[in-house]
Amino acid sequence: MTALESPDQHWMRHALTLAEQAGREGEVPVGAVLVRDGKVVGEGWNRPIQNNDPSAHAEIQALRAAGENIANYRLCDTTLYVTLEPCTMCAGAIIHARVKRVVFGAYDPKTGAAGSVFNVLDSDAYNHRVETSGGVLQQQCADLLSGFFRARRNK
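Everything numeric here is computed off the predicted structure, so don't read it as measured data. (Residues numbered from 1 in each chain as written. Predicted model: local features only at pLDDT ≥ 70, side-chain atom pairs only at ≥ 80, totals over all residues. Heavy atoms only, no water.)

1. Notes on the packing of aromatic side chains
A complete count under the given rule lists 2 aromatic pairs for this structure. Aromatic side chains Phe104 and Tyr107 sit 5.0 Å apart centroid to centroid with 85° between the ring planes, which places their arrangement in the edge-to-face category. For Phe104, a relative accessible area of 1% corresponds to the buried category. Measuring from ring centre to ring centre gives 5.2 Å for Phe148 and Phe149, while their planes differ by 80°; the resulting arrangement is edge-to-face. Classification of Phe148 by relative accessible area gives buried; the value is 14%. (Phe/Tyr/Trp six-rings, centres within 6.5 Å; stacked < 30°, edge-to-face > 60°. Buried < 20%, exposed > 50% of the residue type's maximum accessible area, 1.4 Å probe, protein only.)

Below, the structure written as structure tokens:
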């Protein structure tokens, strides 16, 4: 981490690296890293096409890896960094895992569940609420997604 970047920016850059891996595999470039006490406990990138699994979003991949890594389905006191605002499926999994905080890069005005379309993560309907921070390295995250879809349309 450089002296000029915050921890949120540092970890979002890590998530961007994972998103680039997804893009290289032909997946929508979204990456996620789950951190506890300054250490990675799980990470992942979009793999629904490769895994033939509609639930294989980056967030789910990171949550699954963390659960295996720490041998617990409760991921308390963790922060999830993800390059795109989570969808409702991922938001539900984040709540059930008891993730403390979600930091995302690009907003998703079509399916975002952290305030853009829905506010699942901060709903008082659940017994667990997740702190959220959006727009971290927003332009870099949005540019990666836009570039991917532009290239796909040009093919």
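2. Details of the pairing of strand S2 (residues 39–45)
As judged from the 6 bridges shared by strand S1 (residues 31–36) and S2, these two strands associate in the antiparallel manner. Bridging across to S2, Gly31 finds its partner in Trp45. Taking the residues that link successive antiparallel strands as the turn, the S1-S2 hairpin has 2 residues, and the phi of Asp37 there is positive, at about 50°. (Pairing = 2+ DSSP bridges. Helix = DSSP H or I, 4+ residues; strand = E, 2+ residues; numbered from the N terminus.)

3. A look at helix H3 (residues 58–70)
At 3.6 residues per turn, the α-helix brings residues three or four places apart onto the same side. In a regular helix each residue adds 1.5 Å, so 13 residues correspond to 18 Å; H3 covers 18 Å between its end C-alpha atoms and thus fits that length. A positive phi of about 55° marks Ala71, the residue just after H3. (Expected span 1.5 Å × (residues − 1).)

4. Quick notes on the packing of helix H1 (residues 7–24) against helix H5 (residues 138–154)
Here H1 crosses H5 at 5°, and the two axes come no closer than 11 Å. Taken together, the axis directions place H1 and H5 in an arrangement best described as roughly parallel. Contact residues: H1 offers Met12, Arg13, Leu16, Ala19, Glu20 and Gly23, while H5 offers Gln140, Cys141, Leu144 and Phe148. Of the residues belonging to the contact of H1 with H5, the class tally is 6 nonpolar, 2 polar and 2 charged. (Axes fitted to C-alpha atoms, helices over the stretch in contact; angles between N-to-C directions. Parallel < 35°, antiparallel > 145°, perpendicular 65-115°, else oblique. Contact = heavy atoms within 4.5 Å. Nonpolar A, V, L, I, M, F, W, Y, C, P; charged D, E, K, R; others polar.)

5. Digging into H5
Compared with an ideal rise of 1.5 Å per residue, which puts 17 residues at 24 Å, H5 spans 24 Å between its outermost C-alpha atoms and is within 8% of the ideal. Elements in contact with the buried residues of H5: H1, strand S3 (79–84) and strand S4 (101–106).

6. Considering the nonpolar core
In terms of nonpolar packing, the biggest core is built from 40 residues, with Leu34, Leu80, Ile94, Val99, Val102 and Leu121 touching the most fellow members. Looking at this core, the elements with two or more residues in it are H1, S1, S2, H3, S3, helix H4 (88–97), S4 and H5. Element by element, the count of residues in this core is highest for H1, at 6 residues. Contacts of Leu34, omitting those with residues within four sequence positions, involve Lys39, Val40, Val41, Gly42, Leu63, Ala66, Leu75, Thr78, Thr79, Leu80 and Val99. (Core = buried A, V, L, I, M, F, W, Y, C linked by side-chain atoms within 4.5 Å.)

7. Details of the sheet that holds S2
Either a parallel or an antiparallel arrangement is found when strands of a sheet pair, and the pairing is made through backbone hydrogen bonds. An order of S2-S1-S3-S4-S5 is seen for the 5 strands of this open sheet, with the pairing classed as mixed. The sheet terminates laterally at S2 and strand S5 (131–133), the two strands that pair on one side only. Direction aside, the axes of adjacent strands within the sheet are offset by 15° on average. Against the sheet, H3 engages S1, S2 and S3, with an angle of about 140° to S2.

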